[in-house]
Amino acid sequence: MLMKSLYIKNFRQFKGETTIEFARDKVKNVTIILGDNTFGKTTLLQTFNWCLYDFVVFDKDSNPDMLLNLELASQMHYGSRDIVEVRIILIHKNTEYTISRTQEYFWTEHKVRGEKSKVTMSYKPLGADGQTDIRDQYIDKMINEILPRNLSNFFFFDTERVRDVSNRQDVSESVKGLLGLTALDNAMKHLGSKTAKTTVLGKLYSSMDNEGNQKATEALERINSTQQRKEVIAEQLESLKTQITDYEAEKSRLDHILSEGKSTASLQERSLALERMINRETDVLEQNYGKFVREFNGGTVTFFAKPLMIRALDFMKDAKVDDKGIKDMTAQSIADIIKRGRCICGHDLVEDSDEYETVLKELDFLPPQSIGTSIRNFKDKIATYDATNRNYFTNLKSRYEDILRIKTNIQEWQDEADEIKGKIEGKEDMKKYSLKLADVKSRLKELNEKKERLIREDEGCNNDIERFQKVYDSLVAVSSKNKSIMIYIRYAEEILAWITKTYKEKESDIRERLEEKINEIFNKIYHGHRRASINEKYNVTLLTMVGEKEIASGESEGLNRVKNFAFIAGLVELAKEKIVAIAGENKMDLSSEPYPLIMDAPFSNADATHTTNISKVLPEVAEQVIMFVMEKDWRYAEPVMAYRVGSQWMLDKKTDTYSILKRSNS
Amino acid sequence: MPEIENKLLDEKHLTAMKVNILELEKENLKTRDKTNDEMVEAIRKIISDELKKNY
């Protein structure tokens, strides 16, 4: 597809009618439109988006919904109407297409309003006269097949506004379509399957005469339901593969981080262990302090009184110890019992009675008549104190040693913790990566197990389908009508298998070659050590070698821009090449087309070297280049690119709301 | 249906069908003259017409 011309009427600052013809010569294939900031370069780029896809990207503060020229809008009055129009003529597959989008504006309620835009499309074979209109319901589809909307960011490349167009959405279908696989894809859809009733195979199977043949119907139903299950399994497997790829990439990233931070991780673990040990030991120390104080308070008096006790015992060793008295009984106690008149055994104590005399006799063994019992009591007490003193010192010493040992431990651990703290300060917490890695591994295990289960189930489905197909074939091939339909089916299935195989081969080949092209172009522009890689969604990632591993590298704005250039340039270069499907001795050209590169401010923020490199590469890889460039940037690009310029234009800003475009000589 | 199963498909017929179907798809990509249903019918007709030919 190449752009032939662009016609603009009253679109934003382009008041009145403006027409640009684009260079399409093999050598002089570059169209340059020069203009400084705010002269209308971005507006020109947006005319393509609006005409083809009915959207524009303007800054919020520039009244983006108002496409009618503001000078014209300000002159409108009740009843007046004005039209905005953009018309693109493009050439695609030897056919000239004219696409025109219009929007009518009118004055109402003191305000200018726009109606819904309308699009028309017509075509004619190159060189022929007349135009054939394309039906309204097919226009969007047709435009999308010529230039898919989700690739419009690439083809209408707004360098300053697009941060990363090659790494976001799944553009695989669009890229495959662009590179010539749509005819195969459509043929597969039209041939369809037994279960899709509106396809060739679906219709052929439904036209079989199965009436009255219950078993054949049942067999067909089983085939259909198993086929449906297979499709569900295929979808699930596809989704699982994507998830597994993503998790494996994440695992590799975490492995890399953890291997880099292995020593940090072990220090962080030791630091946590030390912290736990110090806390535990501090608790034990507190308990020991408590016990030490309690033991000191309980036995100190008797311990220090021991020498006095020894001396007292020495002094009393010759004293007569009386063991007839009741221990701790006093003379006053006896006097009280007698005064009460009843003994503790219950007998009345009547003067001169035996009981009275017996109690009175006790006084003989008690002080003051006798000191023997008191001495015995004293000796017993000293014996008790002595027993207590024997353990007191040992316990206190042992407790003190424990306290010293615990304090030493705490101090040693604290010193080690302080040293580790200095080493790991400012380092990332490796534990969170370990936990993430464990989670990723467990998820990968689950996903792989699920994948295995689905593969086994799919094999089971294949066996079922084969079995039921045999049953079905043997039952329905009875009538001659069925026989002919069966033959049609066999041919249709054979063709479908061939197209599917061709599609897969071409698709895989396209991805490999696109990756090669992107790297080739990337290395012409960027002189560093990075490689571009494409995944199944056709997203591009830049990889760099770290040790023996290739990992995704960070991307600066400049690098990202070079990557985007390389992607789009690779795409248009590959689209120029032929894709051939071989059927018998026939070679069928499925090729897409050469595509243009249309770029706003491609050299913005690029240094002189990159500007020169980009200027060399773009006209070589694309069959048509249309660039909106600032004059200051053009000074660097012109020496390299001038001989390829076939059409040059200059924007002239008259007012903030009015610019004109003039052809200019290089 | 063993006789059909065992019968080899004719390569000339098969190749002609493949070529005609893909040419039809390519042409309709350019013009969108035919709807989906019309394309399905046209492909079915390519297959049945081709099998009527004797080479």
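Here, the structure is the one placed above.
Residues numbered from 1 in each chain as written. Chains lettered and ligands numbered in written order. Predicted model: local features only at pLDDT ≥ 70, side-chain atom pairs only at ≥ 80, totals over all residues.

Undergrad: Looking at this structure, I do not really get the interface of chain A and chain B. What am I missing?
TA: Put simply, an interface is often sized by how much accessible area is lost when its parts join up. Taken together, the contacts link 36 residues of chain A with 26 residues of chain B. The leading source of residues in the side of chain A that touches chain B is helix α13 (residues 480–525) of chain A, at ten residues. Its residues assigned to classes, the side of chain A that touches chain B comprises 19 nonpolar, nine polar and eight charged. (Contact = placed C-beta atoms within 7 Å. Helix = DSSP H or I, 4+ residues; strand = E, 2+ residues; numbered from the N terminus. Nonpolar A, V, L, I, M, F, W, Y, C, P; charged D, E, K, R; others polar.)

Undergrad: Would you explain the sheet that holds strand β17 (residues 645–655) of chain A in this entry?
TA: Strand pairing within a sheet occurs via backbone hydrogen bonds; the two strands may be parallel or antiparallel. Residue and element names in this part refer to chain A. In spatial order, the strands read β9-β15-β16-β3-β17-β18; together these six strands make up an open sheet with mixed pairing. Strands at the two margins of the open sheet, each flanked by one partner only, are β9 (156–158) and β18 (658–663). The sheet shows a mean angle of 15 degrees between the axes of neighbouring strands, direction not considered. Where strand β3 (residues 30–34) lies against β17, five bridges are found, and the strand directions are parallel. Across the sheet, T31 pairs through a bridge with S647, a residue of β17. (Pairing = 2+ DSSP bridges. Axes fitted to C-alpha atoms, helices over the stretch in contact; angles between N-to-C directions.)

Undergrad: What is the right way to look at the nonpolar core in this model?
TA: Ranked by internal contacts, the top residues of the largest apolar core, which has 115 residues, are A492, A566, A569 and L571 of chain A. Non-local contacts of A569 of chain A, meaning those with residues more than four positions away in its chain, are made with I521, L597, V617, L618, V621 and A622 of chain A. (Core = buried A, V, L, I, M, F, W, Y, C linked by C-beta atoms within 7 Å. Buried ≥ 20, exposed ≤ 12 C-beta atoms within 10 Å, placed from the backbone.)

Undergrad: Explain the environment of I465 of chain A here, please?
TA: All names here are of chain A. Mapped onto the elements of the fold, I465 is located in helix α12 (residues 430–476). As a C-alpha pair, I465 and R222 span 243 residues in sequence and 7.7 Å in three-dimensional space. Residue contacts for I465: discarding those within four places in its chain leaves I223, T226 and Q227.

Undergrad: How should the packing of helix α15 (residues 608–621) of chain A against helix α16 (residues 631–641) of chain A be read in this particular structure?
TA: Helices that pack against each other are described as a pair by the angle of their axes relative to one another and the distance between those axes. All names here are of chain A. For the pair α15 and α16, interaxial distance at closest approach is 9 Å and the crossing angle is 45 degrees. Relative to α16, the element α15 lies oblique. Crossing angle aside, the handedness with which α15 passes α16 is right-handed. Mapping the contact onto sequence places A608, T611, T612, S615, K616 and P619 in α15 and D633, Y636, A637, V640 and M641 in α16. Residues of the contact of α15 with α16, tallied by class, amount to six nonpolar, three polar and two charged. (Parallel < 35°, antiparallel > 145°, perpendicular 65-115°, else oblique. Left-handed = near helix turned anticlockwise from the far one by under 90°.)

Undergrad: Quick question: what am I supposed to make of the sheet that holds strand β11 (residues 540–546) of chain A here?
TA: All names here are of chain A. As summarised here, the arrangement of the three strands in space is β10-β11-β12, forming an open sheet in which the pairing is antiparallel. With one partner strand each, in any of the chains shown, β10 (531–534) and β12 (549–552) form the two edges of the open sheet. When the angles between neighbouring strand axes are averaged without regard to direction, this sheet yields 45 degrees. Docked against the sheet, helix α14 (residues 557–576) engages β10 and β11, running at close to 120 degrees with respect to β11.

Undergrad: What is the right way to read the pairing of β10 of chain A from this model?
TA: Within a regular beta strand, the side chains point alternately toward one face of the sheet and then the other, so they alternate between its two faces. Residues and elements named next belong to chain A. Side chains of β10 alternate between two faces, with A532 and I534 buried and R531 and S533 left unburied. Summarising the sheet, β10 and β11 pair through four bridges and their orientation is antiparallel. For I534, the partnering residue across the bridge sits in β11 and is V540.

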